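Chain by chain, the residues run as shown.
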Amino acid sequence: MAHGPNKDEKIVFVGDSRVRVKASKLIPQDFSAYPGKSEVFIPNFLLKEWMVGVVVLCGILALVMSEAAPLGYPADPTNTSFIPMPDWYFLFMYQLLKYPYTSDQFIVLGTLGVPGVLFGGLLLAPFLDTGPDRRFYKRPIASTLMFLGLIAVTYLTVTSWSHYQHELKEKNIIPEHIKREEEMHASKGTAGGEGATKKPAASAAAIVAPDDPAAAIYQKSTCISCHGGDMKGMPSAKIPALRGVGDKHDKAAILGIMKNGVGNMPAQYDANVSKGLSEADLDKLADWLSKQKAAQ
């Protein structure tokens, strides 16, 4: 910009010689001296990675929308037959914590020590392995560690799943999400059709003589831990309700179940005695339970 001392003089912009005009196009850098590198990381290489990531994400979203996630019953802390299992990508860690040298008194080693070394090694790998070669057979140390890690994770995952399937078969347990899905399909099948009429749900039998002294004995017994304080049991765990039990068993039969157990239920007589209940208390309890009959 140039002008004279006169204030009324017209100002004329003539440009600034300090700003250089770019006359040539941007020439890509030459990466021929670096094996395996052929383009600028940002934005050329990163843009392709983002595009691949978007395609994978869209595929995952399509799978999620087409197939609903398996859901079990609501969490029930009193369901002792439930076998907890982590998601598939944590099965190897779940199996690792079953071994004696990573559990019990060595639990810190199993939860912090081993995972810390493994994941710490992954974080430090780019700084420890700085060789220019990208072929795996020319990087024996890094490739060996990678294959050992893959083999270990695969073995622990398969072993954990095999143990879980064996335990289900041994205890004759159907996973909750499978059982619930079967029940949903069965209910849709029975309720399907335009002319189908829904049967009213059967109401639970009322507790007979709730003020009886034996009711207080029941609250102190081991029965309450499985059959519940309301005596409704846990249908999801195949634990029957005690309401209406008198329609199936008399006093003698109930005492026999206490002493000998039935099905998956072990004997509870000695356990109740160890809790402070006397033989007279258990006799009253059996008599009271035999009176629990559905209203006619």
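This section reports on the structure supplied with the text. Fair warning: this is a prediction, and the values are worked out from it, not measured in the lab. (Residues numbered from 1 in each chain as written. Predicted model: local features only at pLDDT ≥ 70, side-chain atom pairs only at ≥ 80, totals over all residues. Heavy atoms only, no water.)

## Notes on the packing of helix α6 (residues 213-220) against helix α10 (residues 279-290)
Reasoning step 1: Direction vectors running N to C along α6 and α10 enclose 110 degrees, while the axes themselves pass 9 Å from each other. When the interaxial angle is binned, α6 and α10 end up roughly perpendicular. In this structure, α6 uses Ala-214, Ala-215, Ile-217 and Tyr-218 to contact α10, whose residues at the interface are Asp-281, Lys-284, Leu-285 and Trp-288. (Axes fitted to C-alpha atoms, helices over the stretch in contact; angles between N-to-C directions. Helix = DSSP H or I, 4+ residues; strand = E, 2+ residues; numbered from the N terminus. Parallel < 35°, antiparallel > 145°, perpendicular 65-115°, else oblique. Contact = heavy atoms within 4.5 Å.)

## Re the side chain of Glu-176
Reasoning step 1: Checked against the element boundaries, Glu-176 lands in helix α5 (residues 176-191).
Reasoning step 2: As a buried residue without a salt bridge, Glu-176 has its nearest oppositely charged side chain in Lys-179, at a separation of 6.5 Å.
Reasoning step 3: Sequence-distant contacts of Glu-176, defined by excluding residues within four places in its chain, comprise Leu-71, Gly-72, Tyr-73, Asn-79 and Phe-82. (Buried < 20%, exposed > 50% of the residue type's maximum accessible area, 1.4 Å probe, protein only. Lys, Arg positive; Asp, Glu negative; His and termini not counted. Salt bridge = Lys/Arg side-chain N within 4 Å of Asp/Glu carboxyl O.)

## Describing the nonpolar core
Reasoning step 1: Core analysis: the biggest nonpolar cluster contains 18 residues, and Tyr-218, Met-231, Leu-242, Met-258, Leu-285, Trp-288 and Leu-289 have the highest contact counts within it.
Reasoning step 2: Elements supplying a minimum of two residues to this core: α6, α8 (251-260) and α10.
Reasoning step 3: If one sorts the elements of this core by residue count, α10 sits on top with 5 residues.
Reasoning step 4: Leaving out residues up to four positions away in the same chain, Leu-285 has contacts with Ala-214, Ile-217, Tyr-218, Ser-221, Cys-223 and Met-258. (Core = buried A, V, L, I, M, F, W, Y, C linked by side-chain atoms within 4.5 Å.)

## Topic: unusual backbone geometry
Reasoning step 1: Residue Asn-172 is not a glycine yet carries a positive backbone phi of 55 degrees.
Reasoning step 2: Here Asn-172 lies in the loop between α4 (140-171) and α5.
Reasoning step 3: Judged by its relative accessible area of 63%, Asn-172 is exposed.
Reasoning step 4: With a phi angle near 50 degrees, Ala-209 is a residue other than glycine that sits in the positive phi range.
Reasoning step 5: Note on placement: Ala-209 falls in the loop between α5 and α6.

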